[in-house]
Amino acid sequence: YNKEVMSIMIRNTGSSAFCPGVDIKSLYPDMDAFTSKWQPEARTYFRKVQELAWDLASISYPPTMSVMNGFVGGPGLSFGLNCHYACGTFNTVIALTEPASGFVPYGGASFRYAKLPRKLGFYLALTGVPVSGIDTFFSELVSHFAPENLYDD
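Bear in mind that the values here come from a model prediction, so they are computed numbers and not experimental data.

Here we take up the side chain of Thr-136. Relative to the helices and strands, Thr-136 is located in helix α8 (residues 135-138). Classification of Thr-136 as buried rests on a relative accessible area of 0%. Side-chain polar atoms of Thr-136 contact the backbone oxygen of Gly-133, separated by 2.6 Å. The residues touching Thr-136, leaving out its near neighbours within four places in the chain, are Thr-92, Ile-94, Val-131, Leu-141, Val-142 and Phe-145.

Quick look at the nonpolar core now. With 14 residues, the main nonpolar core has Met-68, Leu-77, Leu-81, Ile-94, Tyr-113, Leu-124 and Leu-141 as its most contacted residues. Mapped onto this core, the elements with two or more residues apiece are α4 (75-81) and α6 (107-113). Sequence-distant contacts of Leu-141, defined by excluding residues within four places in its chain, comprise Leu-81, Ala-86, Ile-94, Arg-112, Tyr-113, Leu-116, Leu-124, Val-131 and Thr-136. Formed by five residues, the second largest nonpolar core is a distinct cluster that contains Val-49, Ala-53, Leu-56 and Phe-79.

Time to look at the packing of aromatic side chains. Within this structure, the stated rule accounts for two aromatic pairs. Measuring from centroid to centroid gives 4.9 Å for Phe-90 and Phe-145, while their planes differ by 90 degrees, and the two rings are edge-to-face. Remark: Phe-145 occurs in strand β8 (residues 144-145) and Phe-90 occurs in the loop between β5 (85-88) and β6 (93-94); sequence separation between them is 55 residues.

The next thing to look at is the state of the cysteines. According to the stated counting rule, one finds zero disulfides in the structure shown. With no disulfide of its own, Cys-83 lies closest to Cys-87 among cysteine sulfurs, the gap being 8.9 Å. The exposure class assigned to Cys-87 is buried, which follows from its relative accessible area of 3%.

Another aspect to go through is a nonpolar patch on the surface. On the surface, Phe-90, Ile-134, Phe-137 and Phe-138 cluster together to form a nonpolar patch covering roughly 400 Å² of accessible area. Residue classification places Phe-138 among the exposed residues on the basis of a relative accessible area of 55%.

In this structure, Arg-118 takes a positive phi of about 55 degrees despite not being glycine. Mapped onto the elements of the fold, Arg-118 is located in the loop between α6 and α7 (120-127). Unlike most non-glycine residues, Lys-119 shows phi in positive territory, near 55 degrees. With respect to the helices and strands, Lys-119 occurs in the loop between α6 and α7.

Calculation notes
- Residues numbered from 1 in each chain as written.
- Predicted model: local features only at pLDDT ≥ 70, side-chain atom pairs only at ≥ 80, totals over all residues.
- Heavy atoms only, no water.
- Helix = DSSP H or I, 4+ residues; strand = E, 2+ residues; numbered from the N terminus.
- Buried < 20%, exposed > 50% of the residue type's maximum accessible area, 1.4 Å probe, protein only.
- Polar contact = N/O pair within 3.5 Å; in protein donor to acceptor, adjacent residues only side chain to side chain.
- Contact = heavy atoms within 4.5 Å.
- Core = buried A, V, L, I, M, F, W, Y, C linked by side-chain atoms within 4.5 Å.
- Phe/Tyr/Trp six-rings, centres within 6.5 Å; stacked < 30°, edge-to-face > 60°.
- Disulfide = S-S within 2.5 Å.
- Patch = residues over 30% accessible without salt bridge, like charges linked within 9 Å, V, L, I, M, F, W, Y side chains within 5 Å.
- Areas by Shrake-Rupley, 256 points an atom, 1.4 Å probe, with all protein chains shown as cover.
- Salt bridge = Lys/Arg side-chain N within 4 Å of Asp/Glu carboxyl O.

This is the structure in structure tokens:
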């Protein structure tokens, strides 16, 4: 707890993705070796990801805000959706990637999906259907919505 910190903002540096999955692939170019033997570094990495998602969801001060522009998935989805203010743009595409791979959704994203109205989260978690643009706001995945050029101001 630092009284000098007024707020925390998380955003991607470009408009292509708000997801660290590409970084994981660069760490393990030989995915066969990665999947055949569970690496201690990977276990530590995923533990830290889940701890950060939990921290973002559970802290009350300072307020946290995420600006999600581009594709949002994986740990980026856990971070972005669990902030106090989740902001989307016309370029935002939110999707759970686990169902397409045959996995059960996990972590912070599933916590947020469970709170969506009209069993929408249940449907999205089972199918992995992406939600994009203004629909991210109408589906209540994001709390705020604006064109991406306004977030720079």
